[in-house]
Amino acid sequence: MNTATKLGGFGVGLAAVFAAALGLGNATAAPESAPATPPVHGGHVQSTLPADADVHLPAGLQVTQDGYRLTPLSRELSTGAPRAFRFRIAGPGGRPVTEYVTSHDKDLHLIVVRRDLSGFQHVHPRLAADGTWSIPLAVPAAGQYRVFADFRPAGLAEGLTLGADVPAPGEYRPVAMPAAARSTSVDGYTVTLTGDLTAGRSSTLTLSVSKDGRPVTDLQPYLGAYGHLVALRDGDLAYLHVHPGGAPGDGRTKAGPEIVFHAEVPSAGAYRLYLDFQHAGKVRTAEFTVLTNGLSAAPAATAATTAQPSESPAHDADGHTHD
C-alpha cells in the first residue's frame, strides 16, 4: 500500500533514514486559505538537516508530500456522540483529488489515534463529488489526536500517507503506554506475537489468534486479507501499514490461526502495534507494545505517565465494521 511498508507478498520496501527532529510529527494542516506551498517539514520545528541532505522521512510525519496536502475541514473531534469528521486531499495544482486507486477494497484508509497511542481507530470515510471525505466519528477522551490518510491518487505510481493533528476539546489525561508483552486479549480472543523487530531490517512477525484456548482456524477475509497491521513509533508516531503475505482464496493462505507479516521499522525504539482481524462477523483490534532488539524498557518519558487508560469506543459504534 504505502512505500513506508514492506509487504511479504508484494515486495514493497521501506527505505527510511530518520535524521530529523521528532517535532516534525507535530505538523498540522493549515486552513484552506493558507498558502498552497508550506515549508516541507511543517513549519513548527526547524530541521537540523543540511539543505542538500537526501532524506526520506517515514510515512505520516508530514501534512504535505510530493505536492499533495491533507487539509482537515473539521477543527475538532467529538468525545460524545459521533459527528461528521471532514477533510480533503489537494493535489499538486491545489485542486481536491477526486480519483483514487483502490487498495484493499478501499480508496482511502483513515487511522485516528491520540498522541499517547491510545484510542486507535481504523475507519473508511466516504468521498463526495467535490473531493470532500466524511465519516461520523467520536473519540474516547479529550486530547490531541493524529489523523493519518493512507491513499494512492490516480496516476501516482506509489501511495502516500499524510498526517495532521486534530484536537478533541476537554481535560487531557495522558495514558501510559502498556509494557511490552507477547500476548494480549480482546473480546475473549487471545492474540500471541512471535518474532522481533530489528531496526533497518525486514522482520517477520507472526500473530496467532485463539479463543477459549482453541486456535481460530476460520478467520474471515477483511479488506482482502486475514489481518491488517498498523505500527506507530512512540514519540513521533511514524507510521507503517503492513499487510500479510498471501490472500484469502489463493489456495495456500490458511484462515488462521497464524497471520504472518514482514515489516521493517526505520529506527530503534518502542512501537505500538494494532492488528485488525475479523471473526464471527465482527472486526476486532488487538494491541501490542513492541521494543526493537537491544531495547529492554519503554522510554522513560512514556513510562512516567500514570493516568489510567480510557475506554476505547466500541468498534460497532465508530464505524469499524466499514460498510
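One can find the structure itself at the top, above this paragraph.
Residues numbered from 1 in each chain as written. Predicted model: local features only at pLDDT ≥ 70, side-chain atom pairs only at ≥ 80, totals over all residues. Heavy atoms only, no water.

A. Up close: the sheet that holds strand β14 (residues 228–233). Within the open sheet, the four strands sit side by side as β15-β14-β17-β18. Their pairing is antiparallel. What marks the edges here is a single partner per strand, and that holds for β15 (239–242) and β18 (282–291). Recorded for the sheet is a direction-independent mean angle of 15 degrees between the axes of neighbouring strands. Both β14 and strand β17 (residues 270–279) contribute to a ladder of six bridges, which runs antiparallel. Bridge pairing in β17 places R233 opposite Y271. (Pairing = 2+ DSSP bridges. Helix = DSSP H or I, 4+ residues; strand = E, 2+ residues; numbered from the N terminus. Axes fitted to C-alpha atoms, helices over the stretch in contact; angles between N-to-C directions.)

B. How the structure looks around the sheet that holds strand β9 (residues 160–168). If you walk across this open sheet you meet the four strands as β5-β4-β8-β9, and the pairing is antiparallel. Strand pairing shows two members of the sheet lacking a second neighbour, β5 (121–123) and β9, which therefore form its edges. Sheet twist, expressed as the mean angle between neighbouring strand axes with direction ignored, is 20 degrees. Pairing geometry for strand β4 (residues 108–114) and strand β8 (residues 143–151), over seven bridges, is antiparallel. For I111, the partnering residue across the bridge sits in β8 and is F148.

C. Main features of the side chain of H241. Among the secondary structure elements, H241 is positioned in strand β15. Taking relative accessible area as the criterion, H241 reaches 0% and is therefore assigned buried. A polar contact of 3.1 Å, which involves the side chain of H241, links it to the side chain of D150. A polar atom in the side chain of H241 sits 3.2 Å from the side chain of Y239. (Buried < 20%, exposed > 50% of the residue type's maximum accessible area, 1.4 Å probe, protein only. Polar contact = N/O pair within 3.5 Å; in protein donor to acceptor, adjacent residues only side chain to side chain.)

D. The packing of aromatic side chains, seen in detail. Applying the stated rule across the entire model yields seven aromatic pairs. Ring geometry for F87 against W133: centres 6.4 Å apart, planes inclined by 10 degrees, an arrangement best described as stacked. Here F87, found in strand β3 (residues 83–90), pairs with W133, found in strand β7 (residues 132–137); they are 46 residues apart in sequence, far enough to count as distant. Comparing F87 with W133 shows no difference in burial state: the two are buried. With 5.0 Å between their ring centres and 25 degrees between their planes, F148 and Y239 make a pair best called stacked. Of this pair, F148 sits in strand β8 while Y239 sits in strand β15, placing them 91 residues apart in sequence. A single burial state applies to F148 and to Y239, both of which are buried. Over the aromatic face of Y189 sits the side chain of K211, whose NZ or CZ is 4.6 Å from the ring centroid. (Phe/Tyr/Trp six-rings, centres within 6.5 Å; stacked < 30°, edge-to-face > 60°. Lys NZ or Arg CZ within 6 Å of the ring centre and 35° of its normal.)

E. Layout of the pairing of β3. Across four bridges, the pairing between strand β2 (residues 68–72) and β3 is antiparallel. Bridge pairing links T71 to R88 in β3. Bridge analysis of β3 against β7 gives six bridges, and the strand direction is antiparallel. By the bridge assignment for β7, F87 is matched with W133.

F. Representation of unusual backbone geometry within the structure. Look at the link from G256 to P257: it is a cis peptide, with omega at 0 degrees. Following the sequence through the fold, P257 ends up in the loop between β15 and β16 (258–263). Even without being glycine, D66 reaches a positive phi, approximately 50 degrees. You will see that D187, though not glycine, has its phi angle at about 55 degrees, which is positive. Summarising the element assignment, D187 is placed in the loop between β10 (183–186) and β11 (189–194).

G. Layout of the pairing of β11. Burial along β11 is one-sided: the face carrying Y189, V191 and L193 is buried and the face carrying T190, T192 and T194 is not. Two strands pair when backbone bridges link them, and β10 and β11 are joined in this way by four bridges, in the antiparallel orientation. Its bridge partner being in β11, V186 is matched across the sheet by Y189.

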